[in-house]
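Each chain, written out:
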Amino acid sequence: MTDQELIWRISGGSGDGIASTSQNFAKALMRSGLNVFTHRHYPSRIRGGHTYTEIRASADPVRSRGDGYNFLLALGDSFARNPQEGAVYGNEEIKPLSENLDELREGGVIVYDEGLLDPSEIPNFDERVEENDWHVFPLDLRGLARDMGREVMRNTAGVGATCALIGMDLEHVEDLMRDAMPEKILDPNLEILETAYDQVREEYDVEEVGVSVPTGEHEETQLLMSGSDAISYGAIDEGCRFIAGYPMTPWTEVFTIMTQNLPELGGISEQVEDEIAAAALAVGASHAGVKAMSGSSGGGFALMSEPLGLAEMTETPVVLVEAMRAGPSTGMPTKPEQSDLEHVLYTSQGDSQRVVLAPGTVEEAYEQSRLAFRLAYEYQIPTILLYDQKLGGELVSVPKSHFDREPNPTLGKTLTEEELAEQPHSADGKFHRFQHDAEDGVTPRSIPGQKGGRFLATGNEHDPTGHISESPDNRVAQIDRRTQKLEAIRADLDTVDTSSYAGPADAEYGILTFGSQQGTVEEAVDRLNDAGVSVKSLGVSDMLPFPTEEVEAFVESVDEVLVVEMTASGQFRGLVQKNLGRYGEKLSSLLKYNGNPFEPAEVVDGFEAAIVEGDGDASGHQTTFVPAAGD
Amino acid sequence: MSTFSAIGEEREIDRDEYTPGVEPQPTWCPGCGDFSVLKALKQALPEVGRTPEETLLCTGIGCSGKLNSYLDTYGFHTIHGRSLPVARAAKLANPDLEVIAAGGDGDGYGIGGNHFIHTARENHDMTYIVFNNEIFGLTKGQTSPTSPKGHKSKTQPSGSAKEPLKPLSMSLNAGASYVARTAAVNPNQAKEILIEAIEHDGFAHVDFLTQCPTWNKDARQYVPYIDVNDSDDYEFDRTDRVEAAEMMRTTEEALYDGEVLTGRFYVDEDRPSYGQEKRQIGEMPEEPLAERYWDDDYEWERSYDRFVGKHE
Ligand SMILES: Cc1ncc(C[n+]2csc(CCOP(=O)(O)OP(=O)(O)O)c2C)c(N)n1
Ligand code: SF4
């Protein structure tokens, strides 16, 4: 069992370097030919507090964090140290060890820093070790690091010990260190790494440890990418050169990546006074002829509903990204949830028109970021890219060729001055920006500064020239035209592969999901089929316009459907039911809203309990089952 | 033909060019001060040499926001209080545009107050005209941030307990590099100040006193006015922050005692505009970003070539 995958968890306090250490180790595993998937767990505080990152590595494709893990490196003690004063914050001394034991698999490995952690404070530690057949290695990582360099380098010692225990040679880790570290700290780090490695191999019988690193080989070079990276690169490839924002976790990641890169690409990034301004800036830049984006997380997006409506009414293309975290209000800043779905679909007044896409994987995050820009500019409509803290932060190995795409900086139906001169109605000096009769609802636009293209954009209802109008006929014509765009977009989306299917086509049961839960559900589907349950899944990405026909065909083709989502109220199920108009009696919900994403086993258990056994008791996990209801 | 050939065109400009071909029925009340802003702008823009097609006028919501309907330029009638963020992004996207933002006192100093402070602070190169009638006009006469203390309205029936906001001092303190006040009843000064404001390289804030005969019954509230730059009674150096601040304080207090002081209060020609600052630190391209989308020869960089390596 343990030969097939390594799930390595590194735990400690925020500020212990958990993120950078795990990122490098994940890269080393990826370079050794494995597929990797990382999962981050962190509290909403800057220093101290218990945090961990998990890396799952396997020769087979990995689509989720998996269930549990088999190697724990308890590195810190959740204290944050102030190096100047020797002061410590926080009082969660044994948490990096105690908090993680529940999920450690049988036969797993524990390496802890005995310089910092004392397991005798953990109730029944020895009994649990024995019961679970864990292999425990107390090592003085801190002392070792202090002797050969500086105390903070104990993470390097931990990685050295890990490699010794799982039988991984140091080559890739050393390469990465050489690439990343300045000479001054490289040498002591290399020394610490090797010493820890040798010490473990000398002192312990590592053969006895059942956990080893699997072997694998990639057909092509892989990249370690997060959802936030993928969204940013998608935007850049689609020609986005303007971003405005205000920090809010977890959207800040995209904002930061874009800001770090745009100036060099000749673009502009603006951190502004609030989210209303941020979205309004994106609208202003787009109006002036630039591809622009903004974004936020729940509370910040709430402030954007005003400029979002303005973009709809003025038909100004703009892309907003919404990175969901648990709400309402400031909710749980560092914990994922999918409960902003309805907020994003329905916020802003009036019969409004927008596009909402929810990618399910890092690969899709790149594709759909590009798609969001294409749709926004081709159809002159605001487009929202909806994802969550999980997808934004997870690092996944993706084939390099996936990103090898041509840029597309086109602005959509925008007239040149020559074309403007030929417009019949520009003779009277007034360009008819919002004509009634457009084939797919999209009327070509002009850009301020162009000759012959003068028009007024206004958030009030307006006539073809852009002037405020309350004429009933005009109102109907304008609303109908704007709405017509959504039909054209639906048809366009049907030509793009945005849905993800898994499992046998003729399966008896179905699972529907959206966004970041897609990979986890697909893994559960594989396991269920292996266990003899005939089930398939559909990960939906188009939230608005909704792929009604496709989802209906899926629901029709099976006896029962479980809808899996990270909300307490079944928002996605509601959306499915609203669009399908019936089939309520076929749809049950599996919900999770404790701040953690689903693990595959929870979906498997939930599915078996709810659908196969029919009692709906998915107990043992913090999931909720809501049975089907008639329409 | 270039992409934005309207920009920088040098020719005689007739002020009638700014009048919409089919003129919408004005919705402003007879005697409204807003007519004077429109007129002053129509006079100022040709004198500065900017054509309607290279001018982007961004307004907020209110009677003042209707300016966009009567001045025929490229326009963006935005939402209540949000003209500035839209305007300044357009300016960043295409610095060659002549960008003017306008709105009321409720719009700019109330709901949009935060944007006002920050736009002034950043010193964006644009003109911001606030139609200050000390009242909410469009929503029928509620108290505004510049209404005098004790002002009675349907929403403040016992008289406002709030001190009025001091817009001139506010923008000076926030960082505006040009601050002036003019009045609808003073068309010549209004025109001159708008010309200066438009030509100024930086955030030019013009507090434009506009009477609202409908809700502030006294249509003569801003007469007689005094131009502090012409009067021997008010000696101050408008390039000196301290003196300017003192003069503004006097002005803002005097207004509520019935003394209308107008003029240029602060002019800083040395402070670079935000766009210049951003270019200097390499955060903004030299050429207007908006032009890049029309340049067939421009090589668009791809993420693959630039970033992919760091993820291997
Ligand atoms: C978000 C929002 N809140 C309120 C309104 C209603 N509203 C429209 S105009 C206005 C006040 C306008 O007053 P002012 O800015 O002083 O302009 P005036 O009409 O006096 O020119 C208000 C409150 C709105 N349109 N949007
Ligand atoms: S209500 Fe006042 S501000 Fe509005 S148009 Fe009438 S006079 Fe002008």
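Rules behind the numbers
- Residues numbered from 1 in each chain as written.
- Chains lettered and ligands numbered in written order.
- Predicted model: local features only at pLDDT ≥ 70, side-chain atom pairs only at ≥ 80, totals over all residues.
- Heavy atoms only, no water.
- Patch = residues over 30% accessible without salt bridge, like charges linked within 9 Å, V, L, I, M, F, W, Y side chains within 5 Å.
- Areas by Shrake-Rupley, 256 points an atom, 1.4 Å probe, with all protein chains shown as cover.
- Salt bridge = Lys/Arg side-chain N within 4 Å of Asp/Glu carboxyl O.
- Lys, Arg positive; Asp, Glu negative; His and termini not counted.
- Charge placed at Lys NZ, Arg CZ, Asp CG, Glu CD.
- Helix = DSSP H or I, 4+ residues; strand = E, 2+ residues; numbered from the N terminus.
- Buried < 20%, exposed > 50% of the residue type's maximum accessible area, 1.4 Å probe, protein only.
- Expected span 1.5 Å × (residues − 1).
- Pairing = 2+ DSSP bridges.
- Axes fitted to C-alpha atoms, helices over the stretch in contact; angles between N-to-C directions.
- Contact = heavy atoms within 4.5 Å.

1. Regarding a negative patch on the surface
Residue and element names in this part refer to chain A.
Here's step 1: Together, Glu183, Asp187, Glu191, Glu194, Asp198, Glu202 and Glu203 give the surface a local cluster of negative charge.
Here's step 2: Mapping Glu183 onto the fold places it in helix H7 (residues 183-203).
Here's step 3: Look at Glu183 and you get exposed, because its relative accessible area is 63%.

2. Examining the pattern of salt bridges
Pairing between side chains of opposite charge can happen when their charged atoms approach one another.
Here's step 1: In total, this model carries 56 salt bridges over all chains according to the counting rule given.
Here's step 2: In this structure, Glu273 of chain A and Arg88 of chain B form a salt bridge, with 2.6 Å as the shortest nitrogen-oxygen distance. You can see Glu273 of chain A sitting in the loop between strand S11 (268-271) and helix H10 (275-287) and its partner Arg88 of chain B sitting in helix H3 (residues 83-93), one on each of two chains.
Here's step 3: The class of Glu273 of chain A is buried, set by a relative accessible area of 9%.
Here's step 4: The exposure class assigned to Arg88 of chain B is buried, which follows from its relative accessible area of 0%.
Here's step 5: With a closest N to O distance of 3.0 Å, Arg249 of chain B and Glu246 of chain B form a salt bridge. Separated by 3 residues within a single helix, Arg249 of chain B and Glu246 of chain B lie in helix H8 (residues 241-255), roughly one turn from each other.
Here's step 6: The exposure class of Arg249 of chain B is partly exposed, given its relative accessible area of 41%.
Here's step 7: Here the salt bridges share partners, and the residues they tie into one network are Glu5, Arg56, Asp67, Arg105, Glu523 and Arg527 of chain A.

3. Considerations on H10 of chain A
One turn of the α-helix equals 3.6 residues, which is why residues spaced by three or four share an orientation.
Here's step 1: Over its 13 residues, H10 of chain A runs 18 Å from end to end, which matches the ideal 18 Å to within 8%, given 1.5 Å per residue.
Here's step 2: A positive backbone phi angle near 100° is found at Gly289 of chain A, which sits one or two residues after H10 of chain A.

4. Quick word on the sheet that holds strand S21 (residues 542-544) of chain A
All names here are of chain A.
Here's step 1: Strand order in the open sheet formed by 7 strands is S11-S10-S12-S13-S15-S14-S21, and the pairing between neighbours is mixed. Of all the strands in the sheet, the pair left with one neighbour each is S11 and S21. Strand-to-strand twist across the sheet, computed as the mean angle between neighbouring axes with direction ignored, equals 20°.
Here's step 2: Along the sheet face, H10 touches strand S10 (242-245), S11, strand S12 (292-296) and strand S13 (318-324) and points at about 165° away from the line of S12.

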